[in-house]
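Secondary and tertiary structure notes
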Amino acid sequence: MPGPTLEMEPVEPQSLKKLSLKSLKRALDLFSPIHGQFAAPDAESKKIRMSHKINVEYSRIKSAPGQPSRQANSGAATAGNQGSAPSNALALTGSSDFRDSQKQGTQNALVVGPTLQPKGQNDVSTSGKSIAVVSASAPFSERLTTSAIIERIPSKWPRPVWHRPWKNYRVISGHLGWVRSVAFDPSNNWFCTGSADRTIKIWDVASGRLKLTLTGHIEQIRGLAVSNKHTYMFSAGDDKQVKCWDLEQNKVIRSYHGHLSGVYCLALHPTIDILLTGGRDSVCRVWDIRTKMQIFALSGHDNTVCSVFTRPTDPQVVTGSHDSTIKFWDLRYGKTMSTLTHHKKSVRAMALHPKEDCFASASADNIKKFNLPRGEFLHNMLSQQKTIINTMAVNEDGVLATGGDNGSLWFWDWKSGHNFQQAQTIVQPGSLESEAGIYALCYDVTGTRLVSCEADKTIKMWKEDETATEQTHPLNFKPPKDIRRF
């Protein structure tokens, strides 16, 4: 007769992660009776750490300078110390002993060689200072080399400056198409915007009211700049045209012909009367403002030149392109000075810092900071916006604003690269959610107002929230652990 069959209890299938967490909890229950408190720092382990550090740093030293050699001194040491053998040991005393020894003109507190007798690793000297003695000739296995006892070095990453968060305080509607470009007047009284409705509108900064509408382009207007030396405004568009407007007569007085396709970006040189335009023909063209002549065609990019800025000293022209490179140009010879290939995607936006010799460039992969004039890579911004960045602007306080294709407006601390605010634009009523896109950003002359040009046909104005304090909006910053250096 067969015996009774034993039924096994069903075992709950558990993942490796769950099992390891269980074992960790058991270990904590066993070895840590007080869960809420950390263990007190162990003086003994710190002493071992210090002695290990000294041993690693000074193990190559055989005898201190000015000390007699081991062979010459061994006899005298044996006679004087009655049989105590000299050792190749290393002793570190406290800082007060070190100062005392300096005052008395005696030998340094850090002594290597046979002149010091090692009593033991944890002995205490007569002055009450502990001496850690480590044998420099000890084998590597005896030197304690686990990461658990090595002190963690504090981060050297700069702590970000606290900035007030920015808020939207005005929405201006008036254009009948996407608003693609913006520029401020040097007097800070008005600003102009260019749109896909083929018009340029001039607005009052204080009230936001429309002052003037200029027509003349037959395609959308991609670039605008206002001269600070003349009463001129410059515009560039998808119709291949670059125009110079006289703001005393409110009409076009010059046109610059030469681009073979749409013009995407425009910049005015700060000191010389020249104009720079970049476009879909992969060329940045340099124009003489007065004579309308093309001085140079800076060719070298493999794709659309979509961003450009100029500065008074070399490199005087910097261009960013859809071929994911940034080029520095020598304006004397019309040649490339250097090419930066750090980005992996199109460099659609760049911003030159108004005070420092550095600039930021943005593409869909990262926002990067570079030094000038040599173009050394400094660092990436510490977050990724995860969208196509169409535009960026920076003010003198070090607030960098970046506008994305998905309507995200992020604010960054320039020095540290910390992203301190992530705003999202709201489309005006009647617009699609997909029309939340920012095409252009510009600070006013003071840097206290920001204007954003958007795909929902509106212009939004932003300012700092005066009511915010460091208590209401604390700085949530964690220094980066691993910095990518490329």
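Everything below is about the structure printed above this text.
Treat the numbers as computed from the prediction; the structure is a model and nothing was measured.

Conventions adopted
Going along each chain's sequence as written, the residues are numbered from 1 onward. With pLDDT at 70 or above as the cut-off, local features in this predicted model cover only qualifying residues; side-chain atom pairs require 80 or more to be listed or tallied, and sums for whole chains, interfaces and linings still use all residues. Note that the side-chain values use all heavy atoms of the structure and ignore hydrogens as well as water. The way it works is a 1 Å grid over only the protein atoms, where trapped points that fit a 1.4 Å probe form a cavity and open points with protein on both sides within 12 Å along at least five of seven lines form a pocket, and then any residue with an atom within 4 Å of a point lines it. Grid points are joined across faces, edges and corners, and a volume is the space filled by probe spheres set on the points. Only strands joined by at least two bridges in the DSSP assignment are considered to pair. We count a stretch as a helix when DSSP gives it H or I for four or more residues in a row; a strand needs E for two or more, and each element gets its number in order from the N terminus. To obtain each axis, a line is fitted to C-alpha atoms, and for helices this fit is confined to the stretch in contact; angles are then taken between N-to-C directions over 0 to 180 degrees. Each polar contact in these results corresponds to two N or O atoms within 3.5 Å; when the atoms are within protein, one needs to be able to donate a hydrogen and the other to accept it, and residues that are neighboring in sequence are counted only if both atoms are side-chain atoms. What makes two residues a contact is simply this: any of their non-hydrogen atoms within 4.5 Å. Aromatic rings from Phe, Tyr and Trp, with only the six-membered ring used for Trp, were paired whenever their centres fell within 6.5 Å, and each pair was classed as stacked if the ring planes differed by under 30 degrees, edge-to-face if by over 60, and tilted otherwise. Working definition: with a 1.4 Å probe on protein chains only, accessible area under 20% of the residue-type maximum means buried, over 50% means exposed, and in between means partly exposed.

**Thoughts on empty space enclosed by the protein**
Under the defined criterion, the tally for this structure stands at three cavities of 30 Å³ or more. Space inside the largest cavity adds up to approximately 40 Å³.

**Comments concerning the sheet that holds strand 13 (residues 263-268)**
Pairing is antiparallel in the open sheet, where four strands are placed in the order 13-14-15-16. Strands at the two margins of the open sheet, each flanked by one partner only, are strand 13 and strand 16 (294-299). Neighbour-to-neighbour, the strand axes of the sheet open up by a mean angle of 20°, direction not taken into account. Sheet topology places strand 14 (residues 274-279) next to strand 15 (residues 283-288); five bridges connect them, and they run antiparallel.

**Topic: the side chain of Thr 277**
Looking at where Thr 277 falls in the secondary structure, it is placed in strand 14. Polar contacts involving the side chain of Thr 277 include one to the side chain of His 259, which spans 2.7 Å. When near neighbours in sequence (up to four residues on either side) are disregarded, Thr 277 contacts Val 242, His 259, Val 263, Cys 265, Leu 266, Val 283, Cys 284, Arg 285 and Trp 287.

**Structural notes on the sheet that holds strand 10 (residues 232-237)**
Across the sheet, four strands lie side by side as 9-10-11-12; this open sheet has antiparallel pairing. The open sheet has two edge strands, strand 9 (221-226) and strand 12 (251-256), and neither has a second partner. For this sheet, the mean inter-axis angle between neighbouring strands, taken without regard to orientation, is 25°. Where strand 11 (residues 242-246) lies against strand 12, five bridges are found, and the strand directions are antiparallel. Bridge pairing links Asp 246 to Lys 251 in strand 12.

**Description of the environment of Gln 424**
Looking at where Gln 424 falls in the secondary structure, it is placed in strand 28 (residues 419-424). Residues contacting Gln 424, with those up to four places away along its chain left out, are Asn 406, Gly 407, Ser 408 and Ala 436. Within the structure, Gln 424 has its side chain in polar contact with the backbone oxygen of Asn 406 (distance 2.9 Å). A polar contact is formed between the side chain of Gln 424 and the backbone oxygen of Gly 407, at a distance of 3.5 Å.

**Remarks on the packing of aromatic side chains**
Aromatic ring pairs are described here by two measures, namely the spacing of the ring centres and the angle between the planes. Under the counting rule described, the total for this entry stands at 13 aromatic pairs. Between Phe 184 and Phe 191, the ring centres sit 5.3 Å apart and the planes meet at 35°, which makes this aromatic pair tilted. Neither Phe 184 nor Phe 191 differs from the other in exposure class; each is buried. Aromatic side chains Tyr 232 and Phe 234 sit 6.4 Å apart centroid to centroid with 90° between the ring planes, which places their arrangement in the edge-to-face category. Phe 234 matches Tyr 232 in its accessibility class, with the two residues each being buried.

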